[in-house]
Amino acid sequence: MEPPAEIDAQENVESRSVAERYDHETYDVDDDVIIVSSSRWSGLCNRIFCKTPVKFITRRKAWYCLIMLCVLNALDQADRWGLPTLQAAGLQCSSCGAPGDEFYDDCKGMCLEISDFQMGLLTGPSFSLTSLAFSVPFGYFADYYNRVVILFIGLVIWSSATIGTAFAQEFIHIFIMRICLGIGQAAVNPAAYSLISDYFPPTKRAFSLSIFATMIYFGQVFGLMSGILSQATSWRLAFLVLGLPGLVVAIPFLLTVDEPVRGLGDALEEDDSNQEEQVPLAKNNSTLSPLRSSESPGQLRRSNEVQEGDRQKQEEKEEEDGHDENHHEAKSFSPETVSVDGVLTNEDVERMSVFQKIKYLALTAPFVAVWLCAMCRYMAGYAIGSWIQVFYRRVFGVEPSVLSLYMSIILPTGGLTAALTGGKLADFWYKRDVAGKAWVCCLSSFFGSPLMAAVLLVPYAKLSFGCLWLEYAIAEAWFAPSASIALDVNPAPLRAFASAIYVSAGAIGGLSPALIGWLNILFDDELPQEEV
């Protein structure tokens, strides 16, 4: 079959080399049609409604997609942690400080009467339990449907919820918006983790996930800056500023980020040369030819036609032998239907129900262990993130603007140090010992715990800030290696669902802010305010 005339014409008109074009374009072959991922208008319908998965992706495009995912994660964290910041910057009346403070009168004029327990519900369960309820369905959909579109929908939902919080008049209004926020943000980790595992090979997975994890701290900085804006204007304007960027980024994200075929990352091989070349994906015991810089789109199409013809001939031969008939008789999943060597294939996963997937993960001991550890670590993280600013406001009397500046230095520098170092160290250790990633998780938490105790017990604010920086620089190294383990121990077709189950540990850990709020009320009449 001859290539379409449009493609031949395009080849003749293009003056630049094929190799130059392939540096930033990804081609997907589907019969006689070549879809150019970087096309601005011709592939618009496909990109929005179908978004056909690409079989080849350059390293440059993979890194671009990771950057876009990082932007989403930063917006996610900014909208998530804006509430704890604004709690101490004018939202909650009981956090306005003492009469006579510089910010006290302005705070009392715009705050809402919300108790500590109610605030704990807003920063914890209203968000985390909703995220738990929706992360599993989103993870299930991400294993079957387009992950980029799922992230786009989630981004629009949580950004709209953040903007809606600016118009709240009482506790119940913020509570409803936080539920919507949890619904939208439940899509982030399952879909993003799965995409990253398809953009990068296992030997680079922990580091790429650590880069993704660093956006937590950049996002927290954006959320902390809302405290300065709130003190200068109002907390309502701060919520508007936090929510609008998500709606601005949504369309460019949908149009420019590629959806790769599942398992592409596992087919990637390390290439020490400087030349960027597209990598093959093994599927059904056949390998798709890599897209070389010397191949034109027409040659690529004809090469894949030959492979497709060989595959069809093989299928016809198997059908004659009765192999296909026996294969299709196994309509439901069972352990006996798993492919050779016990490795799950796409067909195996498609036959599994949700409960069978959960059972499979529950019987995977490394996954269960890392899930339990992540749940404990998330409980501490949510408690610190939700109440540490209120702690400094009530105990040391730090003004919201000063507090925001201190925290905006501590979180990114300390957190970035831990995240990047932890990811690199985990990948380095993993090449020498399969338990290397687990050791990084354990040691970071072991050495970080005493520092967190010092944060709460030292008598001086600046000394407490210094201990907090050290705690972040050491303890936060756990995140990327832990997420990488959760992906590594599961086959590619199941990773989005496994990611959803993994992040449910954070949803359960999110109960801790409400517990602390309840304890604050319980001990309020028995202990001085600073000890509470």
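Conventions we followed
Residues numbered from 1 in each chain as written. Predicted model: local features only at pLDDT ≥ 70, side-chain atom pairs only at ≥ 80, totals over all residues. Heavy atoms only, no water. Helix = DSSP H or I, 4+ residues; strand = E, 2+ residues; numbered from the N terminus. Contact = heavy atoms within 4.5 Å. Areas by Shrake-Rupley, 256 points an atom, 1.4 Å probe, with all protein chains shown as cover. Phe/Tyr/Trp six-rings, centres within 6.5 Å; stacked < 30°, edge-to-face > 60°. Buried < 20%, exposed > 50% of the residue type's maximum accessible area, 1.4 Å probe, protein only. Lys NZ or Arg CZ within 6 Å of the ring centre and 35° of its normal. Expected span 1.5 Å × (residues − 1). Disulfide = S-S within 2.5 Å. Axes fitted to C-alpha atoms, helices over the stretch in contact; angles between N-to-C directions. Parallel < 35°, antiparallel > 145°, perpendicular 65-115°, else oblique. Left-handed = near helix turned anticlockwise from the far one by under 90°. Nonpolar A, V, L, I, M, F, W, Y, C, P; charged D, E, K, R; others polar. Salt bridge = Lys/Arg side-chain N within 4 Å of Asp/Glu carboxyl O. Polar contact = N/O pair within 3.5 Å; in protein donor to acceptor, adjacent residues only side chain to side chain. Patch = residues over 30% accessible without salt bridge, like charges linked within 9 Å, V, L, I, M, F, W, Y side chains within 5 Å.

1. Topic: the overall build of the protein
Check the secondary structure of the protein and you find 24 helices and four strands. Looking at the protein alone, contacts between residues at least 24 apart form 79% of all its contacts between residues at least 6 apart. Working note: accessible area of the protein is about 23900 Å², and carbon and sulfur atoms make up 63% of it.

2. Some points on the packing of aromatic side chains
A complete count under the given rule lists 18 aromatic pairs for this structure. Residues Phe391 and Tyr392 carry aromatic rings whose centres are separated by 5.2 Å and whose planes lie at 70° to one another, so their mutual orientation is edge-to-face. Just as Phe391 is buried, Tyr392 falls in that class too. In this structure, Lys424 is placed above the aromatic ring of Phe207, and the distance from its NZ or CZ to the ring centre is 4.4 Å. Here the basic side chain of Lys437 rests over the ring of Tyr430, its NZ or CZ set 4.2 Å away from the ring centre.

3. Focus on helix 23 (residues 495–509)
The first and last C-alpha atoms of helix 23 sit 22 Å apart over 15 residues, in line with the 21 Å expected at 1.5 Å per residue. Within helix 23, 14 of the 15 residues are buried, which leaves it mostly tucked inside the rest of the structure.

4. Notes on the state of the cysteines
In the structure shown here, the tally under the stated rule is one disulfide. Put simply, Cys93 and Cys111 are joined by a disulfide, and their sulfur atoms are 2.0 Å apart. What sets the handedness of the Cys93 and Cys111 disulfide is the S-S torsion sign, and at about 90° it is right-handed. Here Cys93, found in the loop between helix 4 (59–91) and helix 5 (104–110), pairs with Cys111, found in the loop between helix 5 and helix 6 (116–123); they are 18 residues apart in sequence, far enough to count as distant.

5. Quick notes on the packing of helix 22 (residues 479–488) against helix 23
As a packed pair, helix 22 and helix 23 sit with axes 9 Å apart at the nearest point and diverge in direction by 135°. By the criterion of interaxial angle, the relationship of helix 22 to helix 23 is oblique. Seen along the crossing, helix 22 lies across helix 23 with a hand that is right-handed. When helix 22 is examined against helix 23, the residues Phe479, Ser482, Ala483, Ala486 and Leu487 are found in contact with a partner set consisting of Arg495, Ala498, Ser499 and Tyr502.

6. As for the environment of Gly466
Relative to the elements of secondary structure, Gly466 occurs in helix 21 (residues 461–475). For Gly466, a relative accessible area of 34% translates into the label partly exposed. Residues Gly466 and Ala454, 12 residues apart in the sequence, show an inter-C-alpha distance of 9.8 Å.

7. So, the packing of helix 4 against helix 11 (residues 205–232)
Running from N to C, helix 4 and helix 11 cross one another at 35°; their axes reach a closest spacing of 6 Å. When you trace helix 4 past helix 11, the crossing you get is right-handed. Classifying every residue of the contact of helix 4 with helix 11 by side-chain character gives 17 nonpolar, 11 polar and no charged.

8. Notes on the pattern of salt bridges
Tallied over the entire structure, the rule returns eight salt bridges. Notably, a salt bridge pairs Glu259 with Arg147, separated by 2.9 Å at the nearest N-O pair. One end of the pair, Glu259, is in the loop between helix 12 (235–256) and helix 13 (264–267); the other, Arg147, is in helix 8 (residues 147–165), and 112 residues separate them in sequence. Notably, a salt bridge pairs Lys437 with Asp488, separated by 2.4 Å at the nearest N-O pair. Here Lys437 is found in helix 20 (residues 436–457), whereas its partner Asp488 is found in helix 22, with 51 residues between them in sequence. The exposure class assigned to Lys437 is buried, which follows from its relative accessible area of 1%. One continuous salt-bridge network, built from bridges that share partners, spans Arg147, Asp198 and Glu259.

9. Section: the side chain of Arg80
Looking at the secondary structure, you find Arg80 in helix 4. The class of Arg80 is buried, set by a relative accessible area of 14%. A distance of 3.3 Å separates a polar atom in the side chain of Arg80 from a polar atom in the side chain of Gln185. Residues within four places of Arg80 in sequence aside, it is in contact with Phe127, Arg178, Leu181, Gln185 and Tyr382.

10. Looking at the environment of Leu132
Mapped onto the elements of the fold, Leu132 is located in helix 7 (residues 125–142). Separated by 370 residues in sequence, Leu132 and Tyr502 have C-alpha atoms that sit 10.0 Å apart.

11. A closer look at a nonpolar patch on the surface
On the surface, Phe117, Leu515, Trp518, Ile521, Leu522 and Phe523 cluster together to form a nonpolar patch covering roughly 530 Å² of accessible area. The element contributing the most residues to the nonpolar patch is helix 24 (residues 512–523), with five residues. Structurally, Leu515 is set in helix 24.

12. Notes on the side chain of Ser230
By the element assignment, Ser230 lies in helix 11. Owing to a relative accessible area of 0%, Ser230 belongs among the buried residues under this scheme. Ignoring any residue separated from it by four or fewer positions in sequence, one finds Ser230 in contact with Leu86, Ala89, Met110, Trp235 and Ala238.

13. Concerning the environment of Glu113
Within the secondary structure, Glu113 is located in the loop between helix 5 and helix 6. On the accessibility criterion, Glu113 (67% relative accessible area) is exposed. Through-space distance from the C-alpha of Glu113 to that of Gln92 is 6.2 Å; in sequence the pair is 21 residues apart. Setting aside residues no more than four positions away along its own chain, Glu113 makes contact with Cys93 and Gln118.

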